[in-house]
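Report on the structure
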Amino acid sequence: MACNWKLHINSYEEAKRTFLAIRKSVAAGRRVVAVVCAPSPFLPQLARLAEGHKNIFIGAQDVFWENEGSYTGSIGPSLLAEIGVTYVIVGHSERRFSGDTDEMVNRKIKATLKAGLTPIVCVGERERDDHGVYLSFLRNQLHTALAAISAVDLAKIIIAYEPVWAIGKDALRPITPHDLHETAIFIRKTLAESYGTDAAFAVPVLYGGSVSASNAAEQLRSGVQGLLIGRASTKQEEITQIIRIATQES
Ligand code: PGA
């Protein structure tokens, strides 16, 4: 359960309360792991709260591909590793809207892996059409993002499928289970083109976009191994309920 808090939580008190609720609910289960992707200023403190606790990890919402230099405002992967971060969301559509290209996403993935962090690589079409154009878009996004990434490194990557039209408060609707199922298979087939079926099926695929406690169960039954949860992950009751649902489904 990757929790993408975005900029929804903006006081440390609230971050801590929500984090502790998530920590408690994953401790109760066995197979559900939560990754809390918080705004950067909260990462060091939350990493300390995660220490020694099972099933909970800290993620950053973005990263730069260099580790040092004249890059005002950037945070490199080794700095994230240094403060106890172990996951990084790479290529989120909200970063792509701010200028991230597939090539930049590829550089970020490589730098993240090199620092020993796990990238959660987001892909997803902006709109769906009836002619399968969105599938070629998705295929191209995957191939470019993963260019020159070895099979050994693929095994350290998580893919998050996030159709842009399903994300955020202006979302049209969450994806239907049928469409999610088909797209999850398509993602694996695309990965299999470069890495073979076994490697492709070993990669965890998450779904993100308008996930809530009322639709989490059906999404988890639609060919994905987890969820990338935005707004709902910032509401204590809702995220703990989603974790309970995931525990039952696992
Ligand atoms: P949402 O965001 O759950 O608020 O739609 C998901 C995401 O963008 O990661």
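Each remark here, short or long, concerns the structure printed above.
Here the residue numbering is sequential within each chain, running from 1 through the sequence in written order. Side-chain atom pairs in this predicted model are given and counted only at pLDDT of 80 or more, local residue features only at pLDDT of at least 70, and totals for whole chains, interfaces and linings cover all residues. Each side-chain value is worked out from all heavy atoms of the structure, with water and hydrogens disregarded.

**Brief notes about the site of the ligand**
As a reminder of what qualifies: When at least one non-hydrogen atom of a residue lies within 4 Å of a molecule or strand, that residue is treated as near it. Counting of polar contacts relies on pairs of N or O atoms within 3.5 Å, with two restrictions inside protein: one atom must be capable of donating a hydrogen and the other of accepting it, and residues adjacent in sequence are counted only when both atoms are side-chain atoms. Accessible surface is estimated by sampling points in the Shrake-Rupley manner with a 1.4 Å probe; for residues, cover comes only from the protein chains shown.
Around the ligand, 13 residues are found, and the nearest of them are Lys6, His92, Glu162, Gly168 and Arg231. At a separation of 3.4 Å, an oxygen atom of the ligand approaches a polar side-chain atom of asparagine 4. A distance of 2.7 Å separates an oxygen atom of the ligand from a polar atom in the side chain of lysine 6. Protein contacts shield 100% of the accessible area of the ligand, which totals 280 Å² for the unbound molecule.

**Comments concerning the sheet that holds strand β2 (residues 34-37)**
Put simply, the rule is: Strand pairing is defined by DSSP finding a minimum of two bridges between the two strands. Helical segments are the DSSP runs of H or I of at least four residues, strand segments are the runs of E of at least two, and each set is numbered from the N terminus. Note on geometry: axes are lines fitted to C-alpha atoms, helical ones only across the stretch in contact, with angles between N-to-C directions running from 0 to 180 degrees. Any two residues whose heavy atoms approach within 4.5 Å at even a single point are treated as in contact.
On the basis of which strands lie adjacent, the closed barrel formed by 8 strands has the order β1-β2-β3-β4-β5-β6-β7-β8 and parallel pairing. Across the sheet, the axes of successive neighbouring strands diverge by a mean angle of 25°, strand direction being ignored. The pairing of strand β4 (residues 87-90) with strand β5 (residues 118-123) spans 4 bridges and is classified as parallel. Pairing of isoleucine 89 across the sheet is with isoleucine 120, part of β5. Packing of helix α5 (residues 102-114) onto the sheet brings it into contact with β4 and β5, and relative to β5 it is tilted by some 160°. Across the sheet, helix α8 (residues 177-195) lies against β6 (158-161) and β7 (205-208), angled at about 140° from β6, the strand it touches most.

**Focus on the environment of leucine 43**
Inspection of the secondary structure puts leucine 43 in helix α2 (residues 43-50). Placed 68 residues apart in sequence, leucine 43 and alanine 111 show a C-alpha to C-alpha distance of 19 Å. Among residues more than four places away in sequence, those in contact with leucine 43 are Ala38, Ile58, Gly59, Ala60, Leu80, Ile83 and Val85.

**Things to note about the packing of helix α1 (residues 12-28) against α2**
For the record, the criterion: Angles below 35 degrees are treated as roughly parallel, those above 145 as roughly antiparallel, those between 65 and 115 as roughly perpendicular, and all remaining angles as oblique. For any helix crossing, the convention is left-handed if the near helix is rotated counterclockwise from the far helix by under a right angle, and right-handed if that rotation is clockwise. Think of it as three bins: nonpolar holds Ala, Val, Leu, Ile, Met, Phe, Trp, Tyr, Cys and Pro, charged holds Asp, Glu, Lys and Arg, and polar takes everything else, Gly as well.
The interhelical angle for the contact between α1 and α2, taken along N-to-C directions, is 30°, at an axis separation of 11 Å. By the angle class used here, α1 and α2 are roughly parallel. Judged by the twist between their axes, the crossing of α1 over α2 is right-handed. Contact with α1, carried on its side by Tyr12, Ala15, Lys16, Phe19, Leu20 and Arg23, involves Gln45, Leu46, Leu49 and Ala50 of α2 and no other residues of that element. Per-class residue counts for the contact of α1 with α2 are 7 nonpolar, 1 polar and 2 charged.

**Some points on the pairing of β4**
We count it as follows: Each residue is assigned to one of three classes by its accessible area relative to the maximum for its type, calculated with a 1.4 Å probe on protein chains only: buried under 20%, partly exposed between the two thresholds, exposed over 50%. The handedness rule is simple: strands pointing away from the viewer, and a clockwise path from the first strand over the helix to the second, make the crossover right-handed.
Burial along β4 is two-sided: the residues Tyr87 and Ile89 and Val88 and Val90 are all buried. With 2 bridges connecting them, strand β3 (residues 56-60) and β4 associate as parallel partners. Considered in β4, the bridge of alanine 60 is made with valine 88. For the segment spanning β3, helix α3 (residues 77-82) and β4, crossover handedness is right-handed.

**A closer look at the environment of histidine 181**
By secondary structure assignment, the location of histidine 181 is in helix α8. Look at histidine 181 and you get partly exposed, because its relative accessible area is 36%. It is 30 Å that separates the C-alpha atoms of histidine 181 and valine 63, two residues lying 118 residues apart in sequence. Discounting residues that sit within four places of it in the chain, histidine 181 has contacts with Arg221, Ser222 and Gly223.

**Observations concerning the pattern of salt bridges**
Where we set the bar: When a carboxyl oxygen of Asp or Glu lies within 4 Å of a side-chain nitrogen of Lys or Arg, that pair is called a salt bridge.
With the rule as written, the count across this model stands at 10 salt bridges. The partner of lysine 156 in a salt bridge is aspartate 153, and the shortest N-O contact between them spans 3.1 Å. The exposure class assigned to lysine 156 is partly exposed, which follows from its relative accessible area of 42%. Taking the relative accessible area as the measure of exposure, aspartate 153 reaches 23% and is therefore partly exposed. The residue arginine 221 makes a salt bridge to glutamate 249 at a minimum N-O spacing of 2.7 Å. With arginine 221 in the loop between α10 (216-220) and β8 (226-229) and glutamate 249 in helix α11 (residues 236-249), this pair connects stretches of sequence that are 28 residues apart. By relative accessible area, arginine 221 is classed as exposed at 58%. In this structure, a network of salt bridges that share partners links the residues Asp62, Arg95, Asp100 and Lys108.

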